[in-house]
Amino acid sequence: MKEVYPWQEGLWERWIELRSRLPHALLLKGPQGTGKLDFAMNISQAMLCESPNSRGMACDSCSSCHWFLQGSHPDFRLIQPEALTDSVDAPNEENSKKKSSQQISVDQIRALSDFSNLSSHRGGYRVVLIHPSEAMNISAANALLKMLEEPSEGMLFILVAHKFQHLLPTIISRCLTIATAMPSPDVSIKWLEQKGISNPMNKLAWACFAPLQVIRMESGSDISIDFQSLFDSLERPDTLDATALAEQLQRTEPAKVILWLQQWCYDLISVKLTGTSRFMQEKHKSLASISANSDLIELLRFQKELKVAKREAQHPLNAGLLFESLLLSYRQTVMGS
Ligand SMILES: [Zn+2]
């Protein structure tokens, strides 16, 4: 099994209670970067395991667990957008060049109908995990709805959602919902320290307090590239290409990008007023030279602009344009032109 994170212990107990009166569909909703997919994988493996332990956890050694861990269990299907599958299979390839789909297609859902009509290979449950379920396009969602309306015996659908409000209400109403919360910073920091992550408090703040996001950033997967290139560019406002950078940042959630800009701006003001930085200590030298050349009133104005942008970032019409205008405004703030 994958790790049951310390902040998921209660959630696991809740799941064990549910097991005795299992619904046909579960919706696991909550913020991204907190381990919902790992939790759903653990549930799936435990459902299929031949000898789970006293806490209902998979044994990792029976033949069912063996298949599951190899990704070849005949009674399990993981449905994800192509883009996610590609990045898991070939993390080092330049996937960005070949545009894989970010959606779950109707064909992926229709392919399940054969699976749901068969009886299970191992005489137990069949489990379908859909991640993230809000990535289903409307035809896919309707196809799934049909399956949920006429559930097959012994079949469990697990829907993982970062943004459950984007799901069809008719799908939500057919699922038993388990809500997960963002772990408290104390719990996350302790866990990150155990993982050997240096400076966990700052990194957690950069990652909008999602502990697994910190691990992804540290391991150099996609987000960290955006994160690095943003700060590398902010460090050199004279050569900052707002259009190109804005386009690159579109892959990242607007709220996150704005938070990073806010932290950078906070540090510029902090260095100017007190000589110390809070979030970006390793870039202190650059912060000091940029803030020395900037006008405090202008920095405070930019900080206010970011605050407004953050409110509006919930539903930006065009994230690229929003980023571009903020980056141009940043340039103007620190370059005075
Ligand atoms: Zn097992």
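The structure under discussion appears in the preceding block.
Residues numbered from 1 in each chain as written. Predicted model: local features only at pLDDT ≥ 70, side-chain atom pairs only at ≥ 80, totals over all residues. Heavy atoms only, no water.

## Some words on the coordination of the zinc ion
Six octahedral donors around a metal ideally sit at 90 or 180 degrees from one another, while four tetrahedral donors ideally sit at 109.5 degrees.
Logical step 1: Every protein donor of the zinc ion is listed here as Cys49 (SG), Cys59 (SG), Cys62 (SG) and Cys65 (SG), and their distances to the metal cover 2.3 to 2.4 Å.
Logical step 2: Written as a sequence motif, the donor residues of the zinc ion are C-x9-C-x2-C-x2-C. Of the two residues, Cys49 is situated in the loop between α2 (36-48) and α3 (63-70) and Cys62 in the loop between α2 and α3; the sequence distance between them amounts to 13 residues. Both residues of the pair, Cys49 and Cys62, belong to the buried class. (Donors = N, O, S within 2.8 Å, 3.2 Å for Na, K, Ca; no water. Helix = DSSP H or I, 4+ residues; strand = E, 2+ residues; numbered from the N terminus. Buried < 20%, exposed > 50% of the residue type's maximum accessible area, 1.4 Å probe, protein only.)

## As for the side chain of Lys36
Logical step 1: In this fold, Lys36 is placed in helix α2.
Logical step 2: This buried residue, Lys36, is left without a salt bridge; Glu134 holds the nearest opposite charge, at 7.2 Å.
Logical step 3: At 3.0 Å, the side chain of Lys36 forms a polar contact with the backbone oxygen of Gly30.
Logical step 4: Apart from residues no more than four positions distant in its own chain, Lys36 is found in contact with Gln8, Leu28, Lys29, Gly30, Pro31, Val160, Ala161, His162 and Thr180. (Lys, Arg positive; Asp, Glu negative; His and termini not counted. Salt bridge = Lys/Arg side-chain N within 4 Å of Asp/Glu carboxyl O. Polar contact = N/O pair within 3.5 Å; in protein donor to acceptor, adjacent residues only side chain to side chain. Contact = heavy atoms within 4.5 Å.)

## Quick word on the pairing of strand β4 (residues 155-161)
Logical step 1: Burial of β4 is extensive: seven of the seven residues sit out of reach of the surface.
Logical step 2: Both faces of β4 are covered, namely the face carrying Met155, Phe157, Leu159 and Ala161 and the face carrying Leu156, Ile158 and Val160.
Logical step 3: Where strand β1 (residues 25-29) and β4 come together, five bridges link them in parallel fashion. By the bridge assignment, Ala25 is partnered in β4 with Phe157.
Logical step 4: Across five bridges, strand β3 (residues 126-130) lies against β4 in parallel orientation. In the sheet register, Val128 faces β4, and the bridge partner there is Phe157.
Logical step 5: Viewed along the sheet, the connection from β3 through helix α7 (residues 138-149) into β4 turns out right-handed. (Pairing = 2+ DSSP bridges. Right-handed = clockwise from strand over helix to strand, strands pointing away.)

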